[in-house]
Amino acid sequence: LTQDDLKKIAAYKAVEYVESGMVLGLGTGSTAKHAVDRIGELLRQGKLKDIVGIPTSTKTHDQALSLGIPLSDLDSHPTVDLAIDGADEVDPFLNLVKGRGGSLLREKMVEGACKKFIVIVDESKLVNYLGGSGLAMPVEVIQFCWRFTAARLQKLFQEAGCVAKLRTFAEKDEPYVTDNGNFIVDLYFERSIGDLKAASDAILQLAGVVEHGMFLDMATTVIVAGELGLTVKNK
Ligand code: DER
């Protein structure tokens, strides 16, 4: 099984929780893409009806539109029945790192408005503690004086050996700009950042910060697809 096979298996399992008439948060990324495809397929087959999708990115908006999934937004649907989305890291308490695909702000808005939030991952995303993988912990910041904000973020976590880097498009050296017109500063840690809630609060207190990629106490279910099969973890 390839990693993408595992992503698809987890995504299809999550879509089993979708019922006709639901308002659905549609996630972003290579795993959520399979879930959105599957929802479109079941709608076309008539096995699902009266679904309204709330996309978490312009990318997912366009994918859902091409599949004929009826779309709306949080202004029209402030409460969402169920969201399905991927994650970059999942710790044993179902806390997540998200946002390596750049959509963390709208994802957190939609998934924060959900009654149920199902996370779909392949087993490579499981970690012992967030930030431990040495991979990026995204922070969405306004463009104005981003260097100032990045320096404050780096100082905030100097004990954890933090390095803050502006996210740029791989090939060009231009800053990546989110759907919301902001920049992303990726934080890299050498050591654990310890208390996640305290870290979250400290980040959000910085005036130039919009949102960060730690999704704490938000997932209600995590579906993990591994070589040995599927695992469903409930909060
Ligand atoms: O960027 C994001 O938030 C994505 O949902 C990410 O967390 C998971 O992306 P993947 O399914 O492509 O690994």
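Below or above, wherever it landed, is the structure these notes cover. These numbers were taken from a predicted model, which means no experiment stands behind them.

### Observations regarding the side chain of Thr31
- With respect to the element layout, Thr31 can be found in helix H2 (residues 30-44).
- Among all residues touching Thr31, those that are not within four sequence positions of it are Lys7, Ala11 and Ile120.

### As for the pattern of salt bridges
- Per the counting criterion, the structure on display carries 12 salt bridges.
- Among the ionic pairs, Arg38 bridges to Glu41, the shortest N-O distance being 2.9 Å. A residue pair is termed a helical-turn pair when its members lie 3 or 4 positions apart in one helix, as Arg38 and Glu41 do in helix H2 at 3 residues.
- Residue classification places Arg38 among the partly exposed positions, given a relative accessible area of 22%.

### Focus: the packing of aromatic side chains
- The full count for this structure, using the stated rule, is 2 aromatic pairs.
- Between the aromatic rings of Phe157 and Phe189, the centroid separation amounts to 5.5 Å while the plane-to-plane angle is 85°, which identifies the pairing as edge-to-face. Taken together, the residues Phe157 in the loop between helix H5 (146-156) and strand S8 (163-166) and Phe189 in the loop between strand S9 (183-188) and helix H6 (196-204) connect sequence positions 32 residues apart. Take Phe157 and Phe189: they sit in the same class, and that class is buried.

### Examining the environment of Ala136
- Mapped onto the elements of the fold, Ala136 is located in the loop between strand S6 (114-122) and strand S7 (137-141).
- On the basis of relative accessibility, which here comes to 7%, the residue Ala136 falls in the buried class.
- For the pair Ala136 and Gly194, spaced 58 residues apart in sequence, the C-alpha separation works out to 16 Å.
- Leaving out residues up to four positions away in the same chain, Ala136 has contacts with Val97, Arg100, Asp186, Leu187 and Tyr188.

Cut-offs used in this document
- Residues numbered from 1 in each chain as written.
- Predicted model: local features only at pLDDT ≥ 70, side-chain atom pairs only at ≥ 80, totals over all residues.
- Heavy atoms only, no water.
- Helix = DSSP H or I, 4+ residues; strand = E, 2+ residues; numbered from the N terminus.
- Contact = heavy atoms within 4.5 Å.
- Salt bridge = Lys/Arg side-chain N within 4 Å of Asp/Glu carboxyl O.
- Buried < 20%, exposed > 50% of the residue type's maximum accessible area, 1.4 Å probe, protein only.
- Phe/Tyr/Trp six-rings, centres within 6.5 Å; stacked < 30°, edge-to-face > 60°.

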